[in-house]
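Listed below are the residues making up each chain.
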Amino acid sequence: MLPPSEGAGEARIEPSEPIPTQTVNSLSKDEIDGKKSVTYLVDDRRQNLRLRRTKSVARAEEITKEAEKVRKSQPDKPCHKPRDSLFSWSSEFRDFTGLVNWGFLLLFMGGLRLSLENLLKYGIRIDPIQWIIVLNGGTAEFSIENPSVYLFIYINVHILFTLWVEKLLAKERIRWNQALLLHICNLSLIIMIPVISSWTLKNKFGLVGLTLLCTVYTITFLKLWSYIHVNYWCRLVRSKSQQQRRRAFSVVQPHPSDVDNGKSMNEVVSYPNNLTVHDLYFFMAIPTLCYELNFPRTSRIRKRFLIKRVIEVLVGMQVVLGLFQQWIIPSVKNSLETFSKMEPVPATERLLKLAIPNHLLWLIWFYLCFHSYFNMLGEVLKFADRDFYGDWWNATNIDVFWRSWNMPIHRWAVRHLYMPLIERGYGKTVGSVSVFLLSAFFHEYLVSVPLRMFNLWAFSGMMLQIPLSAVSHFVEKKAGPRLGNVLVWMSLILGQPLCIMMYYHDYVITHFGKDLMEQFSKMR
């Protein structure tokens, strides 16, 4: 409470600083209202405060420098000065190479211990003959009557059928509505043939062989979709050009210097000259899902680079198959009984035990596929665009991960699904959900068809990425990008082995029965 003033009975405010004379004179002369005078007083006080702070900081720095000079001039040989600890954010120290080496050393020692434990418990389980049996459908004797061989050859029928329909469209022998119906039937058959074959021929297919077959048919489906879509765009441009030609009776031709990739006008392919068998099969062979009339090409094949990639693929595949036999299969089999009883603690222990080898194999597979194999194909075919993956390991949320870990799929989804929906007036949410729906379908397709069961675990896992994306964005916003990156890694390390155990559990029950589950889970 402020003391009341004498006589008036009102509170008197004594300013902490004298009011500037210029302000008082201006108030008495202009006789402005009280609100305006208060504003002037506040502005003058702020200006004086900034001036005093500036002078005080400068004075403090001068005192510090002077004190430092005096302190160093003393005969006690001072060795201390103002410094931050290296782990403090303000220290600006960023070289933690030794700690990274230490972490890798601990990881190596932990992996070595697990490997020795696996060898002592199961012995050497690596057997190349077993892989031949699995790939060949359950027999060690290769037969030309294997259905996978015929279906790999048969896919050429759908590829050539697509080319035939596109040529008819280019010659205007059929209308677009008729061609669209033919394309839909053709693409639907590509998806359905592996499903029908796996259910009719059953045990004649090997699990790995049928998985490879489904992968090839899925890639063919996506590539032909892009091929059809791009040719449709070319026809639209040609139709508009013809309309303009009828109106203006002339068409401006591009100058040769305007052509990219250093090609002359004679070397640049234009529609419909691209509708050839050579052009289509070149697109089917190169490591991309998006079709173009003129792909970027390299001038030569780097032999040393190619040899390195070939060695990586050959050696890496042996490592993957050996580790899968030695490490993954025993862990999955032994987790079946525990997982079927839904015991939380033992099931969690089995999940974590499977997470390490599974994630290690996934990382090796990623390197072999997206770096070694795709670069090998690109080098042989002189395909210049080698942007097959981004820095997904630095992803701070789920969206960034899915946009960067598989660039061919991401480009296809944006170019042929997301952007067409946006251009037709649909919102970004509809476009994103459509992309996740298609991705979830193919994830389930590549798992359920070879296993000949449909439990929708992979489909549900992909659709759960939508709410998980919102959670990761929230974590990134509230806790920072580092914890967002940790959440991404946790979903990768724990999500995959969980799906593996669920599918293996359902596979044994579906194909062997509940009575054999306990006996099958104890197989070595």
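None of these values were measured; they are calculated from a predicted model.

Asker: Even after reading the chapter, I still don't get the overall build of the chain, so can you show me in this structure?
Answerer: For the chain, the helix and strand inventory stands at 18 helices and zero strands. For the chain, buried positions account for 32% of its 524 residues. Look at the contacts in the chain between residues 6 or more apart in sequence, and 72% of them connect residues 24 or more apart. When the accessible surface of the chain is split by element, carbon and sulfur atoms take 63% of a total near 33,800 Å².

Asker: What should I look at first to understand the environment of asparagine 118 in this one?
Answerer: Checked against the element boundaries, asparagine 118 lands in helix α3 (residues 97-122). If sequence neighbours within four positions are ignored, asparagine 118 has contacts with Gly123, Gln326 and Trp327.

Asker: Sorry if this is basic, but what is going on with the packing of α3 against helix α9 (residues 303-334) here?
Answerer: Between two packed helices, the angle of one axis relative to the other and the distance separating the axes together describe the packing. Running from amino to carboxyl end, α3 crosses α9 at an angle of 70°, the nearest separation of the two axes being 11 Å. Considering the angle they form, α3 stands roughly perpendicular to α9. Classified by chirality, the crossing of α9 by α3 is left-handed. Residue-level inspection shows Leu114, Ser115, Asn118, Leu119, Lys121 and Tyr122 of α3 in contact with α9, the latter providing Gln326, Trp327, Pro330 and Asn334.

Asker: Explain α3 here, please?
Answerer: Because each turn of an α-helix spans 3.6 residues, side chains separated by three or four positions in sequence point in the same direction. For α3, built from 26 residues, the straight-helix expectation of 38 Å at 1.5 Å per residue is met to within 8% by its first-to-last C-alpha distance of 37 Å. Just downstream of α3, glycine 123 is the residue with a positive phi angle, here 75°.

Asker: Any chance you could explain unusual backbone geometry here in plain terms?
Answerer: Working note: non-glycine residues mostly have negative phi, and peptide bonds are mostly trans. Across the junction of tyrosine 271 and proline 272, the peptide omega takes the value 10°, indicating a cis bond. Counting through the fold element by element, proline 272 comes out in the loop between α7 (207-248) and α8 (277-285). The phi dihedral of arginine 452 is positive, around 55°, even though this residue is not glycine. Of note, arginine 452 is situated in the loop between α14 (428-451) and α15 (457-463).

Asker: Can you walk me through the confidence of the model for the chain in this structure?
Answerer: For residues with low pLDDT, the predicted coordinates do not support detailed interpretation. Across the chain, the average pLDDT comes to 77, with 76% of residues at 70 or higher. The weakest mean pLDDT in the chain belongs to helix α1 (residues 21-30) at 43; the strongest belongs to α8 at 94. Note on residues 1-42: pLDDT is under 50 here. Beyond four places in sequence and across chains, it has 22 contacts. Residue range residues 53-58 is modelled with pLDDT below 50. Its contacts to residues more than four positions away, or to other chains, number zero contacts.

Asker: I tried to follow the environment of tyrosine 232 on my own but got confused; where do I start?
Answerer: With respect to the secondary-structure elements, tyrosine 232 resides in helix α7. Separated by 66 residues in the primary sequence, tyrosine 232 and glutamate 166 have C-alpha atoms spaced 9.0 Å apart.

Asker: Is there a simple way to explain the pattern of salt bridges in this structure?
Answerer: Pairs can form between side chains of opposite charge whenever their charged atoms are close. Applying the stated criterion across every chain yields a total of five salt bridges. Between glutamate 379 and arginine 302 there is a salt bridge, with the nearest N and O atoms lying 3.0 Å from each other. In this pair, glutamate 379 is assigned in helix α11 (residues 344-380) and arginine 302 in the loop between α8 and α9, connecting sequence segments 77 residues apart. The buried category is assigned to glutamate 379, whose relative accessible area is 1%. In this structure, aspartate 387 engages arginine 411 in a salt bridge whose closest nitrogen and oxygen atoms are separated by 2.6 Å. Linking aspartate 387 in the loop between α11 and α12 (398-404) with arginine 411 in helix α13 (residues 407-423), this pair joins segments that are 24 residues apart in sequence. On the basis of relative accessibility, which here comes to 28%, the residue arginine 411 falls in the partly exposed class.

Asker: Would you mind going over the packing of aromatic side chains with me for this structure?
Answerer: Geometrically, a pair of aromatic rings is defined through the distance of the ring centres and the angle of the planes. Applying the stated criterion across every chain, the model contains 34 aromatic pairs. When the ring of phenylalanine 221 is compared with that of phenylalanine 442, the centres are 5.6 Å apart and the planes differ by 55°; the resulting orientation is tilted. With phenylalanine 221 in helix α7 and phenylalanine 442 in helix α14, this pair connects stretches of sequence that are 221 residues apart. Like phenylalanine 221, the residue phenylalanine 442 is buried in the burial classification. Aromatic pair tyrosine 291 and phenylalanine 295: ring centres 6.1 Å apart, planes at 75°, arrangement edge-to-face. Judged by its relative accessible area of 0%, tyrosine 291 falls in the buried class. Residue classification places phenylalanine 295 among the buried residues on the basis of a relative accessible area of 7%. Lying over the aromatic face of phenylalanine 305, arginine 302 brings its terminal NZ or CZ to 4.2 Å of the ring centre.

Asker: Sorry if this is basic, but what is going on with the side chain of threonine 396 here?
Answerer: With respect to the secondary-structure elements, threonine 396 resides in the loop between α11 and α12. Only 2.8 Å separates the side chain of threonine 396 from the side chain of glutamate 476, close enough to count as a polar contact. When residues no more than four places from it in sequence are discounted, the contact partners of threonine 396 are Ser472, Glu476, Pro481, Gly484, Asn485 and Val488.

Asker: Help me out: how do you make sense of the side chain of asparagine 274 in this one?
Answerer: Summarising the element assignment, asparagine 274 is placed in the loop between α7 and α8. Side chain to side chain, asparagine 274 and asparagine 231 meet in a polar contact 3.1 Å long. Setting aside residues up to four positions removed in sequence, asparagine 274 forms contacts with Tyr227, Asn231, Val269, Asp279, Tyr291 and Leu293.

Asker: Hey, could you run me through the packing of helix α6 (residues 176-201) against α14 in this one?
Answerer: Between α6 and α14, whose axes approach to 10 Å, the crossing angle comes to 25°. Comparing the axis directions of α6 and α14 gives the class roughly parallel. Relative to α14, α6 is oriented so that their crossing is left-handed. Every residue of α14 that contacts α6 at Ile190, Ile191, Pro194, Val195 and Ser198 is listed here: Phe441, Phe442, Tyr445 and Val449. Taken together, the residues of the contact of α6 with α14 break down into eight nonpolar, one polar and no charged.

Calculation criteria
- Residues numbered from 1 in each chain as written.
- Predicted model: local features only at pLDDT ≥ 70, side-chain atom pairs only at ≥ 80, totals over all residues.
- Heavy atoms only, no water.
- Helix = DSSP H or I, 4+ residues; strand = E, 2+ residues; numbered from the N terminus.
- Buried < 20%, exposed > 50% of the residue type's maximum accessible area, 1.4 Å probe, protein only.
- Contact = heavy atoms within 4.5 Å.
- Areas by Shrake-Rupley, 256 points an atom, 1.4 Å probe, with all protein chains shown as cover.
- Axes fitted to C-alpha atoms, helices over the stretch in contact; angles between N-to-C directions.
- Parallel < 35°, antiparallel > 145°, perpendicular 65-115°, else oblique.
- Left-handed = near helix turned anticlockwise from the far one by under 90°.
- Expected span 1.5 Å × (residues − 1).
- pLDDT = per-residue confidence, 0-100.
- Salt bridge = Lys/Arg side-chain N within 4 Å of Asp/Glu carboxyl O.
- Phe/Tyr/Trp six-rings, centres within 6.5 Å; stacked < 30°, edge-to-face > 60°.
- Lys NZ or Arg CZ within 6 Å of the ring centre and 35° of its normal.
- Polar contact = N/O pair within 3.5 Å; in protein donor to acceptor, adjacent residues only side chain to side chain.
- Nonpolar A, V, L, I, M, F, W, Y, C, P; charged D, E, K, R; others polar.

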